[in-house]
Amino acid sequence: MVARTYPNPYTLRTHGRPRTSDFRVFVEKNGSPISPFHDIPLYADRENHVFNMVVEIPRWTNEKYEISRNKTLNPIHQDQPDGIPRYVRNRYPHHGYIWNYGALPQTWEDPNYVNPDTNAKGDNDPIDACDIAQAVSHTGEVKQVKVLGVLALIDGGETDWKLIVIDVRDPMAKDMHDIGDVERLMPGFLTATREWFRLYKVPNGNPPNDFAYDGKFQNKKFALGVIDECRRAWDNLIIGKSSPGKISCTNVTVDKSPFQIDPGDLDIPKDEHLKPVPRPKVIDEWFFLPARDVPDEQQHEDGP
């Protein structure tokens, strides 16, 4: 069976030098800047449950890129705690991110809503997605994905859903329909994913993260329910029913939104395509956990 292809009218406009606090990636549609948070439809094919995903961080990279919540048109930028661009450390045996990591547009994890199952509020972001396809993506790519399941991470006391998805163009996509297919076709990968999220902040001196549902991945049906919950939350956000706080809801296509503006009224920087600054050494460093924190299946003894 040949995978269906979907039209992709999206291009990118970059501003500033990569790996600096000024770097921005704007998404364009037909040459006009749009918001990857608000203007890209959630569904590429609603009937077949195919979703649009905005890639923030390509697999094997360390720069913590994310859709900006508070900047006009929500360009992708590098997270900057204390004004310093953030990198995720290489926790052995993983180098950077182990999937193409990003978010589903037109979703929002409401920070005012306490989920009764996780007993925690949303993290105020679009819902995160981990694309397990073989091809390495690029920052700002808009791809079409199938949803397979979800992990309920509790990060900093907030519910931070992590969808498991696969690019519909991947050769394995035709054989993956639910979370059990991931374990069957990619044995050990779900365990690696859970451990990555549990421990990725430990190198920076933070404690391990927790999970709801005892860290068990939930199936596709459950994941679709989570997406729908986050879609409805975004709908309330974009029409002004929920307080946006510091979130920029500026958009150019959502007719029902009081935040919609004419794209001609926006002053978006021109495309620059500047070279990145030199790689910081943290990208090439390994961080090893103390033996007590290493999962049993990753431990072994050297020698006979």
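Thresholds, definitions, all that
Residues numbered from 1 in each chain as written. Predicted model: local features only at pLDDT ≥ 70, side-chain atom pairs only at ≥ 80, totals over all residues. Heavy atoms only, no water. UniProt positions renumbered as here; feature names shortened; annotations may be inferred. Helix = DSSP H or I, 4+ residues; strand = E, 2+ residues; numbered from the N terminus. Buried < 20%, exposed > 50% of the residue type's maximum accessible area, 1.4 Å probe, protein only. Contact = heavy atoms within 4.5 Å. Areas by Shrake-Rupley, 256 points an atom, 1.4 Å probe, with all protein chains shown as cover. Lys, Arg positive; Asp, Glu negative; His and termini not counted. Charge placed at Lys NZ, Arg CZ, Asp CG, Glu CD. Salt bridge = Lys/Arg side-chain N within 4 Å of Asp/Glu carboxyl O. Polar contact = N/O pair within 3.5 Å; in protein donor to acceptor, adjacent residues only side chain to side chain. pLDDT = per-residue confidence, 0-100.

The name an unreviewed UniProt entry assigns to the protein is Inorganic pyrophosphatase, from the organism Exophiala oligosperma. Its UniProt record gives the protein a comment under Sequence similarities (unreviewed entry), which states: "Belongs to the PPase family." According to UniProt, the comment filed for the protein under the heading Cofactor (unreviewed entry) is "Mg(2+)".

K.L.:
Got a sec to walk through the overall build of the protein? Specific residues and values, please.
P.N.:
When helices and strands are tallied, the protein shows three helices and 16 strands. The principal-axis extents of the C-alpha atoms in the protein amount to approximately 70 × 45 × 40 Å. Each of the 304 residues in the protein was classed as buried or not, and the buried ones make up 54%. Taking contacts inside the protein between residues at least 6 apart in sequence as the whole, the part at least 24 apart equals 69%. Counting only carbon and sulfur atoms, one obtains 49% of the accessible surface of the protein, whose full area is about 14600 Å². Separation of charge centres in the protein, based on 37 positive and 46 negative side chains, amounts to 2 Å.

K.L.:
Pulling in residues and values, what's your account of the side chain of R59?
P.N.:
Note that R59 resides in the loop between β5 (50–57) and β6 (65–67). D131 provides the closest opposite charge to the buried, salt-bridge-free R59, at an N-O distance of 6.1 Å. Engagement of the side chain of R59 in a polar contact is seen with the backbone oxygen of A133, the distance being 2.7 Å. With near-sequence residues (within four places) excluded, R59 lies in contact with Y97, I98, W99, N100, A133, Q134, A135 and V136.

K.L.:
Which residues make up helix α2 (residues 189–199), and what values do they have?
P.N.:
Burial analysis of α2 places eight of its 11 residues in the buried class, which makes it a mostly covered element. All of the buried residues along α2 are F189, L190, A192, T193, E195, W196, F197 and L199.

K.L.:
Pulling in residues and values, what's your account of the pattern of salt bridges?
P.N.:
One pass over the structure, following the stated rule, counts 19 salt bridges. The shortest N-O distance in the salt bridge between K143 and D131 comes to 2.6 Å. Pair noted here: K143 is in strand β13 (residues 142–155) and D131 is in strand β12 (residues 128–131), with a separation of 12 residues, a long-range link. Comparing K143 with D131 shows no difference in burial state: the two are buried. A salt bridge links K256 to D235; the shortest N-O distance between them is 2.2 Å. Here D235 lies in helix α3 (residues 220–238) and K256 lies in the loop between α3 and β16 (286–287), a separation of 21 residues in the sequence. Among the residues examined, K256 registers a relative accessible area of 49% and is labelled partly exposed. By sharing partners, the salt bridges in this structure join D131, E141, K143, D167 and R169 into a single network.

K.L.:
Describe the confidence of the model for the protein, listing the residues and the values that go with them.
P.N.:
On average, residues of the protein score 93 in pLDDT, and 95% of them are at 70 or above. Predicted confidence for residues 299–304 stays below pLDDT 50, and this span has two contacts to residues more than four positions away or in other chains.

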